[in-house]
Each structure stands twice: as C-alpha cells, then as structure tokens.
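# Structural overview
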Amino acid sequence: MDLYEYQGKRYLARFGVSVGAGAVADTVGEAVAAADELGYPATIKAQVKVGGRGRAGGVRIVADRSGAEAGAQDILGLVIQGHPVKRLWVETAARIAHEYYASLSLDRATKLHLAMVSAQGGIDIEQVAAEAPEAIARLEINPLDGLSPARARRLVARAGIDGEARRSVVDVILRLYRCYIEGDADLVEINPLIVTPSGEVRALDAKITLDDEAAFRHPEWSEFADAEPDDPRERSARRKGLSYVGLDGSVGIIANGAGLAMSTLDVVNQVGGSAANFLDVGGEANADVMTGALEVINSDERVRAILVNVFGGIVRCDDVARGVLAAMGRVELASPIVVRLDGTHAAEAHEILRPHLSARLLVEPTMLAAARRAVEIAAGVGG
Amino acid sequence: MSIFVDEDTLVVVQGLTGSQGSFHGLRNRAYGTKVVAGVTPGKGGGSLEGIRIFDSVAEAVATTGANASLVVVPQRSALGAILEAAAAGIELVVCITEHIPAKDEALLFNELQRGFPRTRLIGPNCPGVISPGKCNIGITAGEIALPGGPVGIVSRSGTLTYQALHELSQQGVGQTTCVGIGGDRVPGTSFVDVLAAFEADPATGAVMLIGEIGGSEEERAAEFIAHEMTKPVVAYVAGVTAPVGRTMGHAGAIVSGASGTAQAKIAALEACGARVARNPSEAGELMVEVVRGLG
C-alpha cells in the first residue's frame, strides 16, 4: 500500500522523525483556512501517488491568502499522470539550508536491506544515480545485525554530509530504519531531507510503501484506509477480497493463479486484444468467488467479452464449471463469456457446460483459442 | 535420478492437524510420499490416519528420521516453524504458506544462511517440489506429472507449472523433478540454485524455466545458463503486458520503474541461448522439440 505524502509524514512522526506542521484540505476553502492558520508563506501540495508532481505544477508556494486561493484552485483541477488531484497538503513553507536524500528498501538480489544517503537531495535520485553515482552512499544491512549508530555515522559521512547537522541526520537515519523495520515498510524514501537554517533536520517529502502482507500485525494501518484505490472496480474487488488490478482493455479476465492470470493478459495481447483487468481467483474458484469476480467484471463498462481461464490441479474443473453456471444464474452478464478449463476433471467440466452453451457461453479447448475467441467477440467480429 | 527429493525422502508435515495440512499431507502420502510424522505443538502423542503426531520437529526427527518438512501453518507461525525445522536438522523445508511479510522472509533467509547452511528452504508461497513417481511435497496435483524424465522444471508460478507439467505429460515427455520456488520477494531457493542442481543431475536432459515480472532472478539465471550450463533451457516469462508499479497477485511480481520487466528478462534469456516461448503452450511445444532432439 502506497501512502500519500501526508500519511507518510504522519507515519514518520510516529517514529520521531520531524515533519513540518500542516493540514489536509479537500476544497479551496479548506486550503485557504489551513494556510491562514499556518501562516504565510505556505506550501500547497497535490496528494497523488505518482512522481513528477512538482514538474506537473502540483506544488505551489503561496505568499498570501489570494495566492492560496488561486494555488489551491489550480492544483485541485490538475490531473497528474492520469491521477486527478482530490486532496491537498498545506504546510508552512520551509526555509532550507541543505537538501539531502535518504531511503531504505529491500534489495531483492542480495536479500539485504539497503540504505542510501546522498548530499544531493531535492532532485530526481535516478538522475543523480545516472550522472554522479559516487554521490550516493549505499549501505547493505543484514537484518540479523540491524543498523548500528556507528555504521549510520559512517554512512552519513560517506555521503559527504558534515557540519553541525551531521549528528541530527544520523539520528534521523536511525529513526527511518526503525520506521522501515518496525513499521513494515517496503520503501521509506525522503527526498528531500532538509536542514533548516536553524539546524533542524526534517522530512520535506515522504514516499512510503507499506507491506500489505504485514497488515495483520498493524491494526493502526486502518487509519490509512482512505489510501484506497481511485478505481471503483478495484475498490469493489478489494471489498470482495479478490486479487484484482484494473487495466483499460475490453476483455475481462478471470484466471486461477497469479502466473496464469498474467499469462492470460499476455496471450490476449498477442492475439490482438487487450485485457480489462488482472484477476486471480486463486485456489477457490467456487460459486461465491466466481459470482464476486463476475460482478466486478460486469460493472466494467469497457468489457465486451469475458475470458475465464482455469487450469485445474487440486481445484477440479467440474467444480469450477458448476461455479461459473451458478454465478451466471446470479449475475446478469452484459458480455458473452468464453471458458477454457483444462487439467483435473476437465472432461467432466465440459459435460456440465455442454447443455448451457450458447452465443453467451462458449467453451474453447486451449488458452490461445479461448483468447482468440474472446478478442473476436470484444472486437465485434462475428458477434 | 531427481533433485532435492526422491523415494527415500522422509517427510514431517508441520501443521498436519490443520485443515490445509491434513488435506495436502494426506494427498502427498496417497501419492506415495513417505510422510512419517506430523507436528502440532500440544497434540503430540496423537495420530492422524496412522501418521504419528509430535509436539516438536526435533522429537519427530529423533523418532522417525525425517529429513524433509512440509510447512503448512498460518502466516503468523511460519517463520518460527521453518526455523524450528532447520534447528532440528531438517535438510529440505518446503513452505506453502503465503502472505508472509517481506521483512520476515529477509530475516529468515539470512538466518538460514548464517546459522543453518545445510537447510534448503523452498518457498514460501510455493506449490512445492515433486519428483514424479517418487515423492511429492506440497500442493501439486501429482496426477498431472509423468515419471521418467528427462525434463526438469523450475518456476515462480503454481498454475503455470501445472500447465507445463500437463502439456509435457500429454506429449509423453516426463519430468525428473519440478520445483516451484514461489512468488514472493525473498524466496529461500533461487532459479540459479535449482538450475545448478539440474545441471548436476544426470537424469535431467533439459530444463524448463518459468519466470515472471519483478526482481532480477531471471537475469541471474540467464548469466548462469550462459556460463555454467550445458543442458538446453526453454523459458517462458509471464507479465509482458503488466503495468508498471502494480503487484500482480504474487508479492514479488511487480515492475519497479524500469527494472523487473518481462521484456528485459526475455532479452537476457534469449541472449544466453535459452529458447524463449511467447506463451505456455509454445513452451510445451518447444520443450517437446528439444527433448526429441536429445536422442
């Protein structure tokens, strides 16, 4: 789960990382009231979960009330990389002496945690990595050893951060590590980590991704429930407990297993179509799960054909066939459904479906043939 | 021959008395796997369908000589269960449990590497390992596999593995061993580990590798294939059309920025001489061709 900046800052504050005072605003009026309260100059920032916000005009420093009004108005009208701005974060404009970069993440190749610190913050870190890789100090951290203050000090020194702020930066790095570990974050990235003229070290931005798999031990994450997906299809799928990702094609996909579901999207693409979604029903392709899956797909106006691709292992295809029929009895489908069932009890499954076959329910023997048929239907060929 | 497991592997099922544990444990036994013990703390002394239950893995090992373990316990208990098996001297641990936090997996990987280098962990979040006709540890439907080799399979995905087994078996092409390494971010066993084992296994003549988006294990596999492998490899990588930044079902299946794309993995595998299929059926067809060419 990606957090919005304001949520990320709240999360950091739990671990004692200093963040600026600010408030959330969903309307121009709220933004102006917040800026009035905080005092000017104030910074108004779009809350979206994509990068490049500043370049897109999503961050504005305003000097007075009329500036705040105009700024909030403009930013709330923006769509940044497909994400409409619905919420603002208003904070006291920071005075900046230095801008640094700090992040913690898991290096999947080494299976170690990776801390990165640079004295060149405030700009795209990928750009720094490409142009001046030596400006980024890296430290691999074995989770068994953790991050000692001594190693954190050396890391900060290697990053070229010195002067009076050094001790405070080290302290912040140790807190970020705690946030990353105890807070079960996949990513903690602060860019920029600023030093104010008075020497305070503060996170001016926060990019935090929480590990969804760890939600069971973080009841406090419920406060981030408004970090729900913007896509109504994804919200609905999440409520039904389905593993779903919305896409923008016209073939609705239901498959069992993440790999097979991904593969189904690829095959649909190979035969000239495009998938409306990724949906993995996992090992439970029963009537209830199928009903939920078909409901979500049916609510998608872009869908012109539905492709059910199941390989039966322990899940038996005849059970899946019964599940599909039962679900079709409960949901009135707007699009024809093409079914491919192979593996355990596939022959029985085909027998079960045979009396029900029509232009609305079709069966194909292979994944490729089923994808072709679904794409033809979606394109209006022979329909 | 086979890798990791064979007819002499003695399996203890951790979580045998749970619904998933008994379902899969008994299925594995019905397949012919030597399931010699179950472990459920507090239920020691009992039995399930003739399989003795112990309070701890150490007791199970001492009494039955178990050398492999199937871990089918809830998310919260998995880390402890795996470390308990390692501490009891188990050489192969297969963990089916899904949804284990990445922090726990990273800790586990490093703990095993440092403290228990003789223990191999397969998974978590994997279908397990099957040497057809000899031993099946995990949730693979044994019926779809065909004994006799010569193909070794290694995969990050469960259903794509079943699909591959099925396509090969239908063409009369058997498998030596099929290893599902799992879809998580920190798998205990990597593609390279399994490729090395297949390369060393005289019965394996060719290897099918099934990858997907996320991480760089396929690229590392490609390096290994280029420099260390003599046996032909057929590969398939799922997720060519996956959007950037979205987790596609498996926790590990995510394209981060420009890294972890299927395109990069396919390019790396092709460059190392592997034959890369565009879809699972084509992978099956290519492998049948390769096997016929082995003579």
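Residues numbered from 1 in each chain as written. Chains lettered and ligands numbered in written order. Predicted model: local features only at pLDDT ≥ 70, side-chain atom pairs only at ≥ 80, totals over all residues.

## Quick word on the overall build of chain A
Under the convention used in this document: Numbering of helices and strands runs from the N terminus; a helix is a DSSP stretch of H or I covering at least four residues, while a strand is a stretch of E covering at least two. Counts of 20 or more other C-beta atoms within 10 Å of a residue's own C-beta define buried residues, counts of 12 or fewer define exposed ones, and intermediate counts define partly exposed ones; C-beta atoms are placed from the backbone. Distance between backbone-placed C-beta atoms decides contact: two residues are in contact if it is within 7 Å.
Scanning chain A for helices and strands turns up twelve helices and 18 strands. For chain A, the spread of C-alpha atoms along the three principal axes comes to 80 × 50 × 40 Å. Residue burial in chain A is summarised as follows: out of 383 residues, 47% are buried. Here the analysis covers contacts within chain A between residues at least 6 apart in sequence; of these, 70% occur between residues at least 24 apart.

## Focus: the sheet that holds strand β11 (residues 174–180) of chain B
Residues and elements named next belong to chain B. The cut-off we apply is this: Any two strands with at least two DSSP bridges between them are considered paired. Whenever a helix is involved, its axis is fitted only over the stretch in contact; in every case the axis is a line through C-alpha atoms, and angles between N-to-C directions fall within 0 to 180 degrees.
An order of β9-β8-β11-β10-β12-β13-β14 is seen for the seven strands of this open sheet, with the pairing classed as mixed. Whereas interior strands pair on both sides, the edge strands pair on one side only; in this sheet they are β9 (135–138) and β14 (275–277). The mean inter-strand angle of the sheet, taken between neighbouring strand axes irrespective of direction, is 15 degrees. Bridge count for strand β13 (residues 233–238) against β14 is three bridges, and the pairing is parallel. By the bridge assignment, Ala 235 is partnered in β14 with Val 276.

## With respect to the interface of chain B and chain A
One frequently used descriptor of interface size is the decrease in accessible area upon assembly of the parts. Residue-level contacts link 48 residues of chain B with 43 residues of chain A. Mapped by element, the contributors of at least two residues to the side of chain B that touches chain A are α4 (102–115), α5 (158–170) and α9 (280–294) of chain B. For the side of chain B that touches chain A, the leading source of residues is α4 of chain B, giving eight residues.

## Quick notes on the domain arrangement of chain B
Residues and elements named next belong to chain B. We apply this condition: Just so you know, the domain bounds were taken from an automatic or database domain assignment. Amino acids outside the nonpolar list (Ala, Val, Leu, Ile, Met, Phe, Trp, Tyr, Cys, Pro) and the charged list (Asp, Glu, Lys, Arg) are all regarded as polar, and Gly is one of them.
Each assigned domain of chain B is listed here: domain 1 (10–122) and domain 2 (141–294). On a C-alpha basis, the centroid separation for the pair domain 1 and domain 2 is 26 Å. Taken residue by residue, the interface counts ten residues in domain 1 and nine residues in domain 2. It is α4 that provides the largest number of residues to the side of domain 1 that touches domain 2, a total of five residues. Its residues placed into classes, the side of domain 1 that touches domain 2 shows eight nonpolar, no polar and two charged.

## Looking at the sheet that holds strand β3 (residues 47–48) of chain B
All names here are of chain B. One open sheet holds the seven strands; their spatial order is β3-β4-β2-β1-β5-β6-β7, and the pairing between them is mixed. Looking at the sheet topology across the chains shown, the edges are occupied by β3 and β7 (120–122). Direction of pairing for strand β1 (residues 10–14) relative to strand β5 (residues 68–71): parallel, over a ladder of four bridges. Paired with Val 12 across the two strands is Ser 69, which belongs to β5. Packed on one face of the sheet, helix α1 (residues 19–31) meets β1, β2 (34–39), β3 and β5 and runs near 160 degrees to β2. Packed onto the sheet, helix α2 (residues 57–64) meets β1, β2, β4 (51–54) and β5 and runs at close to 145 degrees relative to β2.

## A closer look at the packing of α5 of chain B against α9 of chain B
Residue and element names in this part refer to chain B. This is how the line gets drawn: Angular relationships are summarised with four words: roughly parallel below 35 degrees, roughly antiparallel beyond 145, roughly perpendicular across 65 to 115, and oblique for the angles in between. Whether a crossing is left-handed or right-handed is set by the direction in which the near helix is turned from the far one by less than a right angle, anticlockwise for left-handed and clockwise for right-handed.
Interhelical geometry of α5 versus α9 gives an angle of 40 degrees and a closest axis separation of 9 Å. In terms of axis orientation, α5 runs oblique to α9. Every pair of crossing elements has a handedness; the one defined by α5 and α9 is right-handed. Contact residues: α5 offers Leu 160, Gln 163, Ala 164, Glu 167 and Leu 168, while α9 offers Pro 280, Ser 281, Ala 283, Gly 284 and Met 287. Per-class residue counts for the contact of α5 with α9 are six nonpolar, three polar and one charged.

## Re α5 of chain B
All names here are of chain B. Formally: What a helix should span is 1.5 Å times the count of its residues minus one.
The end-to-end C-alpha separation of α5 is 18 Å, in line with the 18 Å expected for 13 residues at 1.5 Å each. The element α5 is extensively covered by neighbouring structure, given that eleven of its 13 residues are classed as buried. Within the sequence span of α5, burial applies to Gly 158, Thr 159, Leu 160, Thr 161, Tyr 162, Gln 163, Ala 164, Leu 165, His 166, Glu 167 and Leu 168. Directly after α5, the chain includes Gly 172, whose backbone phi takes a positive value near 80 degrees.

## Comments concerning the domain arrangement of chain A
On domain assignment, one finds that chain A holds domain 1 (21–92), domain 2 (98–225) and domain 3 (232–379). Measuring from the centre of the C-alpha atoms in domain 2 of chain A to the corresponding centre in domain 3 of chain A gives 43 Å.

## Looking at the environment of Trp 221 of chain A
Residues and elements named next belong to chain A. Among the structural elements, Trp 221 can be located in the loop between β12 (207–210) and α7 (232–239). Sequence-wise, Trp 221 and Gly 58 are 163 residues apart; in three dimensions their C-alpha atoms are separated by 27 Å. When neighbours within four sequence positions are excluded, Trp 221 is seen to be in contact with Leu 210 and Ala 215.

## A word on the packing of helix α6 (residues 191–200) of chain B against helix α7 (residues 217–228) of chain B
Residue and element names in this part refer to chain B. In the contact formed by α6 and α7, the axes pass within 9 Å of each other and the chain directions differ by 25 degrees. In this view, α6 runs roughly parallel relative to α7, as classed from their interaxial angle. Once α6 is placed against α7, the crossing between them reads as right-handed. Residues Phe 191, Val 192, Leu 195 and Glu 199 of α6 touch α7, and the partners they reach there are Glu 217, Glu 218, Arg 220, Ala 221, Phe 224, Ile 225 and Glu 228. A per-class count over the contact of α6 with α7 returns six nonpolar, no polar and five charged.

## Section: the nonpolar core
Here is the rule: Only buried residues count toward a nonpolar core: Ala, Val, Leu, Ile, Met, Phe, Trp, Tyr and Cys, linked into one set through C-beta atoms within 7 Å.
Counting residues in each nonpolar core, the largest one holds 157 residues, and the members touching the most others are Leu 307 and Ala 374 of chain A together with Val 71, Ile 82, Val 234 and Met 287 of chain B. Grouped together as the second largest cluster of nonpolar side chains are 63 residues, Tyr 4, Val 17, Leu 139 and Cys 179 of chain A included.

## Comments concerning the confidence of the model for chain B
Filter applied, for reference: The pLDDT value tells you how sure the predictor is about a given residue, anywhere from 0 up to 100.
A residue-level look at chain B finds 100% of positions with pLDDT of 70 or above and a mean pLDDT of 95. ipTM for the predicted complex: 0.92, alongside a pTM of 0.93.

## As for the pairing of β13 of chain B
Residues and elements named next belong to chain B. For clarity, the cut-off: Handedness is read with the strands pointing away from the viewer; a crossover is right-handed when the path from the first strand over the helix to the second is clockwise.
For β13, the tally of buried residues reaches six of six residues, placing the bulk of the element in the interior. In β13, alternate side chains face the same way, and those of Val 233, Ala 235 and Val 237 on one face and Val 234, Tyr 236 and Ala 238 on the other are all buried. Both strand β12 (residues 206–212) and β13 contribute to a ladder of six bridges, which runs parallel. Bridge pairing links Ile 210 to Tyr 236 in β13. Handedness of the crossover joining β12 and β13 through α7: right-handed. Crossover β13 to β14 through helix α8 (residues 262–271) is right-handed.

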